[in-house]
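The residues making up each chain are set out below.
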Amino acid sequence: TDWLWIDVLQNANLEKVLPGVRAKVYWNLMLISELDPLFHEAYYAGANLMTVINDDHLGALTLLAKGKDFLESWGPKKYPRAVIDRYWAQAWRLPMIAGYIRLFELGDMNSAAAEFVHAAAMPNAPVFLQLLSKRFAQPGGEYEVGMRLINFMLLDHRDGVARAKLEKKRRDLYLAQYLDSLSREFMNFSRGHATMPKLEQRFAKFLKEFKIAPKDPWGGKLFLDASGRVMSTTKRERVFGLE
């Protein structure tokens, strides 16, 4: 399994797969889970790599489900509980990453919430997991949750392609969060200045009154789209399905 794991970590195939197609690295990960089912990192780190690098979200969920089945079902029948607890001290990572995938890649809020609740209730789970459900209920909370999850996932990627992709996601998500916050503030401001017929006039007044620079932190020019949301000329990709 060591050689297979090294091959997974190198993961030279950076292709993004089409929906329903499995990433090539998926088969190595599934084989590792058969040969050494106690290898906890293969489940969560492997799923992490597949979803970040290859966009194989369903393959990642399949691998995580296999890890969950080992932990809760057939694993305790084969191994002493003390052995599983020793090697799976961070078992909460599996439902946490599953929640990340379901919410931000597949847009399934209900299933994601169930995964996060499951993760938060597991031994050794970090406190921030217990706060996620409360943050979702707050305006813009999904951006804060996304940022926290990306920062946490970066701890598992000290360098390499996966880290670079996560850092770009973080940058794009930060810009989306910034624009979303401005949009909500401008909408509140606009409702109190309905006598000004043009949105562009209200927006110019909004920027001036609140001393907001007409450019985003990366130098892109701020403008309003057709719906009145604040946008920017800075190029970015949608992260986790969020605008």
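Notes on the structure in this doc start here. (Residues numbered from 1 in each chain as written. Predicted model: local features only at pLDDT ≥ 70, side-chain atom pairs only at ≥ 80, totals over all residues. Heavy atoms only, no water.)

Describing two packed helices takes the angle between their axes plus the distance from one axis to the other. Their axes nearest at 10 Å, the elements helix α2 (residues 24-35) and helix α3 (residues 40-54) cross at an angle of 175 degrees. Our classification of the angle between α2 and α3 gives roughly antiparallel. In this structure, α2 contributes Val25, Tyr26, Leu29, Ile32 and Ser33 to the contact, and α3 contributes Ala42, Tyr43, Gly46, Met50 and Asn54. Class assignment of the residues belonging to the contact of α2 with α3 gives a composition of seven nonpolar, three polar and no charged. (Axes fitted to C-alpha atoms, helices over the stretch in contact; angles between N-to-C directions. Helix = DSSP H or I, 4+ residues; strand = E, 2+ residues; numbered from the N terminus. Parallel < 35°, antiparallel > 145°, perpendicular 65-115°, else oblique. Contact = heavy atoms within 4.5 Å. Nonpolar A, V, L, I, M, F, W, Y, C, P; charged D, E, K, R; others polar.)

Here we come to helix α1 (residues 2-10). Owing to its 3.6 residues per turn, the α-helix aligns residues three or four sequence positions apart on the same side. Among all positions of α1, only Leu4, Trp5 and Val8 are buried. Buried residues of α1, seen end-on, are gathered within an arc of 100 degrees and therefore sit on one face of the element. In α1, those exposed residues whose orientation departs by more than 90 degrees from the buried face are Asp2, Trp3 and Gln10. As for α1, its buried residues are in contact with α2 and α3. (Buried < 20%, exposed > 50% of the residue type's maximum accessible area, 1.4 Å probe, protein only. Arc of directions from axis to C-beta.)

Grouped burial of nonpolar side chains is what soluble globular proteins tend to show. The biggest cluster of nonpolar side chains holds 62 residues, and the ones touching the most others in it are Trp5, Leu64, Trp88, Met96, Phe116, Leu129 and Leu149. Considering every element that reaches this core, the biggest residue donor is α3, with nine residues. Setting aside chain neighbours within four positions, we find Leu149 in contact with Met96, Tyr100, Phe104, Phe116 and Phe128. Judged by nonpolar contacts, the second largest core, of 12 residues, contains Leu175, Phe186, Phe203 and Phe206. (Core = buried A, V, L, I, M, F, W, Y, C linked by side-chain atoms within 4.5 Å.)

Moving on, we come to the packing of aromatic side chains. As enumerated under the stated definition, the model contains 15 aromatic pairs in all. Ring centres 5.3 Å apart and planes at 50 degrees place the aromatic pair Phe206 and Phe210 in the tilted group. The class for Phe206 is buried, based on a relative accessible area of 1%. Sitting over the face of the ring of Tyr26, Arg22 holds its NZ or CZ atom 5.9 Å from the ring centroid. In this structure, Arg171 packs its charged tip against the face of Trp218, placed 5.2 Å from the ring centre. (Phe/Tyr/Trp six-rings, centres within 6.5 Å; stacked < 30°, edge-to-face > 60°. Lys NZ or Arg CZ within 6 Å of the ring centre and 35° of its normal.)

Right, let's get into the side chain of Ser232. The residue Ser232 is located in strand β2 (residues 230-232) in this model. One polar contact links Ser232 to Asp216, side chain to side chain, over a distance of 2.4 Å. A distance of 3.1 Å separates the side chain of Ser232 from the backbone nitrogen of Thr234, its partner in a polar contact. Those residues in contact with Ser232, other than ones at most four positions away along the chain, are Leu179, Asp216, Gly220, Lys221, Leu222 and Phe223. (Polar contact = N/O pair within 3.5 Å; in protein donor to acceptor, adjacent residues only side chain to side chain.)

Moving on to α3. Here α3 contains 15 residues, and its C-alpha end-to-end distance of 21 Å stays within 8% of the 21 Å for a straight helix at 1.5 Å per residue. The positive-phi residue at the C-terminal boundary of α3 is Asp55, with phi of around 60 degrees. (Expected span 1.5 Å × (residues − 1).)

This part is about the pattern of salt bridges. Tallying each qualifying case throughout the model produces 13 salt bridges. Glu167 serves as the salt-bridge partner of Arg163, at 3.0 Å between the closest nitrogen and oxygen. Note that Arg163 and Glu167 are positioned in helix α10 (residues 161-191) at a spacing of four residues, about one turn of the helix. Glu167 sits in the partly exposed class, given a relative accessible area of 32%. Salt bridges sharing partners connect three or more residues here, namely Lys168, Arg171 and Asp172. (Salt bridge = Lys/Arg side-chain N within 4 Å of Asp/Glu carboxyl O.)

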